[in-house]
Amino acid sequence: MATGIIKSFDNTSLLPVGVITQDEDGSDINFNVPLPDGTSIGDPVSYDIQKTINGNVAVNLQPIGGDTGVEPDDEGTVETGTINGDLNVTNDTITLKGATVTGNVEVKGGKLLLKSGAVVVGNIDFKNGTTLEIYNSAVNGNLDVKNSTDIVIQNGDIDGDMDIKNSNSIDIQNGDIDGDMDIKGMQSSRIQNGDIDGDMEIKNCSSATVIDSTIGGNLDLKNNTSCNQSGNTVGGTNSGCS
């Protein structure tokens, strides 16, 4: 989802007319839907971009930060409830315990923990952080991790692609990945009882281990210092550890 600031809005005519100034490049985009509850001109919103014959328009507007009053407690924990829009974390620790984020989660230099059925409807972008842990929770979009410390996924669902690069370690047990898995430049990569619908590629790691997992596409474990694979079911080409 994109983000921006509500620049103008007029609902006096039959069809609402509004303009959002986009965060990405400062340009304006129109929308023709009512404002979300609790928002007004000058408020930040997230939205999807829909192509029409008259150009792009903003749809599915949601207030950033939400209108439910859900905020992290003093320990950085959000229990149940819903955070509408995107969640941005910078040099902080956030725990989502059974909570739902309707947008994307972006972490820069912090720690993120999902557990007890937490759901991120969008993507997770985790960079220069310490620990990312996902237990019995789901990400409906992509998971992108770079230049971080440790990634742990146990009984986690990722509906999109997983892209992990230049971090310390990743440990996945009973993970369900609906897209492709691309892991590069790690000290340690271990996947056990994984279910990956697409391709799995692990390269340039000090240690790569894939055991008792199902890969719907291709499996490529080349160019790792230490490599171990056993008990896997591969639907495509298994390039092995050579």
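Now for a description of the structure that goes with this document. Since the structure is predicted, the reported quantities are computational estimates derived from the model, not experimental observations.

**As for the overall build of the protein chain**
Argument step 1. Regarding its fold elements, the protein chain presents 0 helices and 32 strands.
Argument step 2. Its C-alpha atoms give the protein chain principal-axis dimensions of roughly 65 × 45 × 25 Å.
Argument step 3. Burial statistics for the protein chain: of 242 residues in total, 43% are counted as buried.
Argument step 4. Considering only contacts within the protein chain whose residues lie at least 6 apart along the sequence, 11% involve residues at least 24 apart.
Argument step 5. Summed over its atoms, the accessible surface of the protein chain is roughly 11100 Å², and 41% of this surface lies on carbon and sulfur atoms.
Argument step 6. If you average the places of the 13 positive and of the 36 negative side-chain charges in the protein chain, the two averages end up 8 Å apart.

**Structural notes on the pattern of salt bridges**
Argument step 1. Throughout the structure, instances matching the rule amount to 12 salt bridges.
Argument step 2. A salt bridge links K127 to D125; its shortest N-O distance comes to 2.3 Å.
Argument step 3. A relative accessible area of 24% means that D125 is categorised as partly exposed.
Argument step 4. Of the charged contacts, one joins K165 and D163 as a salt bridge, the two residues approaching to 2.4 Å between their closest N and O atoms.
Argument step 5. Among the charged side chains, a network of salt bridges with common partners joins D125, K127, D144, K146, D163, K165, D182, K184, E201, K203 and D220.

**Quick look at the pairing of strand β17 (residues 143-146)**
Argument step 1. Side chains L143 and V145 project from β17 onto a buried face, and the interleaved D144 and K146 project onto a face without burial.
Argument step 2. Pairing of strand β14 (residues 124-127) with β17, which is carried by 4 bridges, proceeds in the parallel orientation. Looking at the pairing, D125 lines up with D144 of β17.
Argument step 3. As judged from the 4 bridges shared by β17 and strand β20 (residues 162-165), these two strands associate in the parallel manner. Pairing of K146 across the sheet is with K165, part of β20.

**Structural notes on the environment of G117**
Argument step 1. Position of G117 relative to the elements: it lies in the loop between β12 (111-115) and β13 (119-120).
Argument step 2. Between the C-alpha atom of G117 and that of R190, which follows or precedes it by 73 residues, the distance is 23 Å.
Argument step 3. Setting aside anything within four residues of it in sequence, one finds G117 in contact with G98, N136 and S137.

**Points about the packing of aromatic side chains**
Argument step 1. Considering all chains together, one arrives at 1 aromatic pair under this definition.
Argument step 2. Arranged with centres 5.8 Å apart and planes meeting at 5°, the rings of F9 and F31 form a pair that is stacked. Taken together, the residues span a long stretch of sequence, with F9 in strand β1 (residues 2-10) and F31 in strand β3 (residues 28-31) at a distance of 22 residues.
Argument step 3. The exposure class assigned to F9 is partly exposed, which follows from its relative accessible area of 22%.

**A word on the state of the cysteines**
Argument step 1. What the rule picks out here adds up to 1 disulfide.
Argument step 2. Bridging C227 to C241, the disulfide has an S-S length of 2.0 Å. Taking the sign of the S-S torsion, about -60° here, the bridge from C227 to C241 comes out left-handed. Highlighted residues: C227 in strand β30 (residues 226-230) and C241 in the segment after β32 (238-240), separated in sequence by 14 residues.

**Structural notes on the pairing of strand β24 (residues 188-192)**
Argument step 1. Sheet topology note: the strand β21 (residues 169-173)/β24 ladder contains 5 bridges and is parallel. Directly across from S169, in β24, lies its bridge partner S188.
Argument step 2. Where β24 and strand β27 (residues 207-211) come together, 5 bridges link them in parallel fashion. For I191, the partnering residue across the bridge sits in β27 and is V210.

Rules used in this analysis
Residues numbered from 1 in each chain as written. Predicted model: local features only at pLDDT ≥ 70, side-chain atom pairs only at ≥ 80, totals over all residues. Heavy atoms only, no water. Helix = DSSP H or I, 4+ residues; strand = E, 2+ residues; numbered from the N terminus. Buried < 20%, exposed > 50% of the residue type's maximum accessible area, 1.4 Å probe, protein only. Contact = heavy atoms within 4.5 Å. Areas by Shrake-Rupley, 256 points an atom, 1.4 Å probe, with all protein chains shown as cover. Lys, Arg positive; Asp, Glu negative; His and termini not counted. Charge placed at Lys NZ, Arg CZ, Asp CG, Glu CD. Salt bridge = Lys/Arg side-chain N within 4 Å of Asp/Glu carboxyl O. Pairing = 2+ DSSP bridges. Phe/Tyr/Trp six-rings, centres within 6.5 Å; stacked < 30°, edge-to-face > 60°. Disulfide = S-S within 2.5 Å.

Keep in mind that these numbers describe shape and distance, not what the molecule does.
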